[in-house]
Amino acid sequence: EPRTLRGWTAEGLAVRKALGDLGYIAMLHHVGGSGYALDRGRELTRLAGRATDADPRLVPAYAFGGGALMWLCRAPEAAIRLLEKGIAYNPGDGRLRLYLAAFVYRRTDDLHKEIAALERVALDPQAPAMARRILANAYEKAGDFRRAASVWRLVLATTGDPADRAWAEERLARRGLLQKP
């Protein structure tokens, strides 16, 4: 039977997904040992790159690799680069944006410099509400209550989640900024 372009494409995509899965398994195996800590994530970064180059839509590889690089290997720059790559290939996945916001907030050696990165993540229309909470907390920590209040108002205007609404209302009320109808 003659091969069609559709057949070749499907076969190629299946191979890419399989290679991505194998790369992800190699990541898990590597972190199951102790080598990841000894090399401060260099091998994990390489393995994550191979897995996600093979299958750029493999969100668990970005999430696990980013978390392991950030928390286990203490390699925040590598973690952030991996998550930014994941967001570029999976712009609709809120988990990666949330992880990135948490990582940036966690490594706040220079809070004012890090706020710009948080803004890129949290003010994106597809960002999860938790990313906006992290940004508002960063503004508060920096003493910029006007900007924090603007994020609280944004959460009120965009969320349907009662817990997020209550959080934003409580923050605005605490500052005397809540205007109830």
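This text follows the structure it describes.
Thresholds, definitions, all that
- Residues numbered from 1 in each chain as written.
- Predicted model: local features only at pLDDT ≥ 70, side-chain atom pairs only at ≥ 80, totals over all residues.
- Heavy atoms only, no water.
- Core = buried A, V, L, I, M, F, W, Y, C linked by side-chain atoms within 4.5 Å.
- Buried < 20%, exposed > 50% of the residue type's maximum accessible area, 1.4 Å probe, protein only.
- Helix = DSSP H or I, 4+ residues; strand = E, 2+ residues; numbered from the N terminus.
- Contact = heavy atoms within 4.5 Å.
- Expected span 1.5 Å × (residues − 1).
- Salt bridge = Lys/Arg side-chain N within 4 Å of Asp/Glu carboxyl O.

Draft legend 1. Molecular detail of the nonpolar core. If you look at the biggest cluster of nonpolar residues, it comprises 50 residues, and the most contacted ones within it are Leu69 and Trp152. Here the element with the most residues in this core is helix H4 (residues 59-72); it accounts for seven residues. Dropping the residues within four chain positions of it, tryptophan 152 is found in contact with Ala136, Glu140, Trp167, Ala168, Arg171, Leu172 and Arg175.

Draft legend 2. Just helix H3 (residues 42-54), in detail. The terminal C-alpha atoms of H3, which comprises 13 residues, lie 19 Å apart, in line with the 18 Å expected from a rise of 1.5 Å per residue. When we look at burial in H3, the residues that qualify are Leu44, Leu47, Ala48, Gly49, Ala51, Thr52 and Ala54.

Draft legend 3. Structural detail: the pattern of salt bridges. Across all of its chains, the model carries 13 salt bridges by this definition. One salt bridge connects aspartate 93 with arginine 95, and the closest N-O pair in it is separated by 2.8 Å. Residue arginine 95 is classed as partly exposed on the basis of its relative accessible area of 45%. The salt bridge partner of aspartate 124 is arginine 97, with a shortest N-O separation of 3.5 Å. Of the two residues, aspartate 124 is situated in the loop between helix H7 (111-122) and helix H8 (129-142) and arginine 97 in helix H6 (residues 94-106); the sequence distance between them amounts to 27 residues. Among the charged side chains, a network of salt bridges with common partners joins Glu140, Glu170, Arg171 and Arg174.

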